[in-house]
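Residues per chain, in single letters:
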Amino acid sequence: MSSDSPSWTFLTHHARVLLEIARDPEARLRDIAASIGITERTVQTIVNDLHEAGYLSRERVGRHNRYQLNADLTFRYPTEAGMPVRRLIDMFAERDLPTRS
């Protein structure tokens, strides 16, 4: 995060990684990391978490992965349980993001 970024955010890194994959199912981990402002290793850990929980699957295509989301799975926290993650994806994934310089 840059020095003028807020010190906290409403969305977790897990949510942000999920949204980046929804925007581009063939995104490279390094590009996701750069977009979010976290390390590539952290993105790898999050992708593994999401994969193990069933929120995404991955397929090796040449030298990169293609991800597929299971957006019908529900949120894990009790207050959001029963709500599909598709709601979050639909709310943010199509949003035009400013390009980074």
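Quick summary incoming for the structure in this document. Fair warning: this is a prediction, and the values are worked out from it, not measured in the lab.

Basis of the calculations
- Residues numbered from 1 in each chain as written.
- Predicted model: local features only at pLDDT ≥ 70, side-chain atom pairs only at ≥ 80, totals over all residues.
- Heavy atoms only, no water.
- Helix = DSSP H or I, 4+ residues; strand = E, 2+ residues; numbered from the N terminus.
- Buried < 20%, exposed > 50% of the residue type's maximum accessible area, 1.4 Å probe, protein only.
- Contact = heavy atoms within 4.5 Å.
- Salt bridge = Lys/Arg side-chain N within 4 Å of Asp/Glu carboxyl O.
- Core = buried A, V, L, I, M, F, W, Y, C linked by side-chain atoms within 4.5 Å.
- Pairing = 2+ DSSP bridges.

## Some points on the overall build of the chain
Stage number 1. Counting its secondary structure elements, the chain contains 4 helices and 2 strands.
Stage number 2. Put simply, the chain runs from its N terminus to its C terminus through helices and strands in the order α-α-α-β-β-α.
Stage number 3. With 101 residues in all, the chain has 25% of them scored as buried.
Stage number 4. Contacts in the chain between residues far apart in sequence, at least 24 positions, make up 38% of those at least 6 positions apart.

## Describing the pattern of salt bridges
Stage number 1. Applying the stated criterion across every chain yields a total of 5 salt bridges.
Stage number 2. Across the salt bridge formed by Glu20 and Arg23, the nearest N and O atoms sit 2.8 Å from each other. One end of the pair is Glu20 and the other is Arg23, both in helix α1 (residues 13–23) and 3 residues apart, which spans about a single turn.
Stage number 3. The exposure class assigned to Glu20 is buried, which follows from its relative accessible area of 15%.
Stage number 4. On the basis of relative accessible area, Arg23 is assigned to the partly exposed category, the value being 28%.
Stage number 5. With a closest N to O distance of 2.9 Å, Asp72 and Arg86 form a salt bridge. Here the residue Asp72 occupies a position in the loop between β2 (64–69) and α4 (86–92), and Arg86 occupies one in helix α4, the gap between them amounting to 14 residues.

## Brief notes about the nonpolar core
Stage number 1. Among the nonpolar cores identified, the biggest contains 24 residues, and Val17, Ile21, Ile32, Val43, Val47, Leu50 and Ile89 are the most heavily contacted of them.
Stage number 2. Looking at this core, the elements that each hand over two or more residues are α1, α2 (29–36), α3 (40–52) and α4.
Stage number 3. Ranked by the residues each element gives to this core, the list is headed by α1, at 5 residues.

## Thoughts on the pairing of β2
Stage number 1. Taken together, the 6 bridges between strand β1 (residues 56–61) and β2 define a ladder with antiparallel strand orientation. Considered in β2, the bridge of Arg60 is made with Asn65.
Stage number 2. Counted along the chain from β1 to the antiparallel partner β2, the turn is 2 residues long, and its residue Gly62 has a positive phi close to 65 degrees.

## Topic: the environment of Pro84
Stage number 1. Mapped onto the fold, Pro84 is located in the loop between β2 and α4.
Stage number 2. The class of Pro84 is partly exposed, set by a relative accessible area of 24%.
Stage number 3. For Pro84 and Asp72, which are 12 residues apart along the polypeptide, the C-alpha to C-alpha distance reads 5.1 Å.
Stage number 4. Here Pro84 is in contact with Ala71, Asp72, Leu73, Thr74 and Phe75, once residues within four sequence places are set aside.

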